[in-house]
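# Reading the structure
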Amino acid sequence: WVRQNWGTSTLTLSQEIRLPAGNYVLTADVWKSGLGGDAILSVVSETGTTLTAPSLENKEAWQQAVLPFVSDGEASTTVLLSAMHNSNGSEKIIGFDNIVLTLQEPDAIEGMTLPQASDDELFDLQGRRFSAKTAVPHGIYIQNGKKYVK
């Protein structure tokens, strides 16, 4: 919990970590009440890339901030929780709780490239490759995406 009531200030808690390559989600429960300021959840890569979760409503209730990001597995990552107050003479109360960093399991294949078949390659229905330059047994074949019967 941070209670700010004078001047302008930003208090930041940070942790630098090295993560294996992958897709991550940083979540935190955030409490925001009072005038002038914000609760900021952000991730900074050693390479200089900074991502910040969208600002939450200013209400006296717990809300969840969510920040998805990608680690390349090589650069370190710094997680920052900041309580910012920018209104002199008003009170701002900010709280962070249940801070969780989760590695997301892949749910799709990304970046897959298929090899290109040459014009003289034939495939049978089991996917076996044959060369059109050699004698092939009788059957159904696929060449350049078209079916042929021999």
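So, here is what we can say about the structure in this document.

### Some details on the overall build of the protein chain
Looking only at helices and strands, the protein chain has 0 helices and 12 strands in total. For the protein chain, the sequential pattern of α-helices and β-strands runs β-β-β-β-β-β-β-β-β-β-β-β. Dimensions along the principal axes, computed over C-alpha positions, put the protein chain at roughly 90 × 30 × 20 Å. Taking as baseline every contact in the protein chain between residues at least 6 positions apart, the subset at least 24 positions apart corresponds to 71%. Separation of charge centres in the protein chain, based on 11 positive and 17 negative side chains, amounts to 12 Å.

### What to know about a negative patch on the surface
Negative charge collects at one region of the surface, where Glu 16, Glu 46, Asp 72 and Glu 74 lie side by side. By secondary structure assignment, the location of Asp 72 is in the loop between strand 6 (59–71) and strand 7 (77–85). Look at Asp 72 and you get partly exposed, because its relative accessible area is 47%.

### Quick notes on the sheet that holds strand 4 (residues 37–45)
Spatially, 2-7-4-5 is the arrangement adopted by the 4 strands of the open sheet, whose pairing is antiparallel. In the strand order of this sheet, the two ends are held by strand 2 (9–17) and strand 5 (50–52), each with one partner. Taking each pair of neighbouring strands and ignoring which way they run, the sheet shows an average axis angle of 20°. One ladder, built from 9 bridges, connects strand 2 with strand 7; its direction is antiparallel. Bridge pairing in strand 7 places Ser 9 opposite His 85.

### Brief notes about unusual backbone geometry
Excluding glycine, a negative phi dihedral is what most residues carry, and trans is how most peptide bonds are arranged. Residues other than glycine seldom take positive phi values, yet Asn 98 does so here, at roughly 50°. As for its position among the elements, Asn 98 is in strand 8 (residues 92–103).

### As for the nonpolar core
Residues Leu 26, Val 30, Leu 41, Ala 65, Phe 69 and Phe 96 are the most contacted members of the largest nonpolar core, which totals 19 residues. A total of 4 residues in this core trace back to one element, the largest contributor, which is strand 3 (residues 22–34).

### Looking at the side chain of Asp 29
Mapped onto the elements, Asp 29 comes out in strand 3. Buried and without a salt bridge, Asp 29 has Lys 59 as its closest oppositely charged side chain, separated by 12 Å. Separated by 2.6 Å, the side chains of Asp 29 and Asn 98 make a polar contact. Residues contacting Asp 29, with those up to four places away along its chain left out, are Trp 62, Gln 63, Gln 64, Gly 95, Phe 96, Asp 97 and Asn 98.

### Examining the packing of aromatic side chains
Two aromatic rings are characterised by how far apart their centres lie and by the angle between their planes. Summed over the entire model, instances satisfying the criterion amount to 5 aromatic pairs. Ring centres of Tyr 24 and Phe 69 lie 5.7 Å apart, and the angle between their planes is 20°; this geometry places the pair in the stacked category. With Tyr 24 in strand 3 and Phe 69 in strand 6, the pair connects residues that are 45 residues apart, well separated along the chain. Look at Trp 31 and Trp 62: their rings are 5.7 Å apart centre to centre, the planes differ by 65°, and that puts the pair in the edge-to-face class. Separated by 31 residues along the polypeptide, Trp 31 in strand 3 and Trp 62 in strand 6 bring together distant segments of the chain. Classification of Trp 62 as partly exposed rests on a relative accessible area of 40%. Grouping aromatic residues by their ring pairs yields a cluster made of Trp 1, Trp 31 and Trp 62.

About the criteria used
One numbering rule holds for all chains: residues counted from 1, following each sequence as written. Predicted model: local features are reported for residues with pLDDT of at least 70 only, side-chain atom pairs are reported and counted for 80 or more only, and whole-chain, interface and lining totals are derived from all residues. Only hydrogens and water are set aside when side-chain values are computed; all heavy atoms of the structure are taken into account. Working definition: helices are DSSP H or I runs of at least four residues, strands are E runs of at least two. Numbering for both runs from the N terminus. Every residue pair with non-hydrogen atoms within 4.5 Å of one another is taken to be in contact. The positive count covers Lys and Arg only, the negative count covers Asp and Glu only, and His and the chain ends enter neither. Note on charges: their place is set at NZ of Lys, CZ of Arg, CG of Asp or CD of Glu. Patch definition: residues above 30% relative accessible area lacking any salt bridge, with like charges linked at up to 9 Å and the nonpolar side chains Val, Leu, Ile, Met, Phe, Trp and Tyr linked at up to 5 Å. Each accessible area value is a Shrake-Rupley result obtained with a 1.4 Å probe; residue values ignore everything except the protein chains displayed when judging cover. Throughout this description, the term salt bridge denotes a Lys or Arg side-chain nitrogen within 4 Å of a carboxyl oxygen of Asp or Glu. Each residue gets one of three labels from its accessible area relative to the maximum for its type: buried under 20%, exposed over 50%, partly exposed in between, using a 1.4 Å probe on protein chains only. Strand pairing is assigned whenever DSSP detects at least two bridges linking the two strands. Angles shown run from 0 to 180 degrees and are taken between the N-to-C directions of axes, each axis being a line fitted to C-alpha atoms and, for helices, limited to the stretch in contact. The definition of a nonpolar core used throughout is a set of buried Ala, Val, Leu, Ile, Met, Phe, Trp, Tyr and Cys residues joined through side-chain atoms within 4.5 Å. Within 3.5 Å is the distance limit for a polar contact, defined as a pair of N or O atoms, with the added protein rule that one can donate a hydrogen and the other accept it, and that residues adjacent in sequence qualify only through two side-chain atoms. Here a Phe, Tyr or Trp ring, Trp counted by its six-membered ring, pairs with any other such ring whose centre lies within 6.5 Å, and the pair is stacked when the planes are under 30 degrees apart, edge-to-face when over 60, and tilted otherwise.

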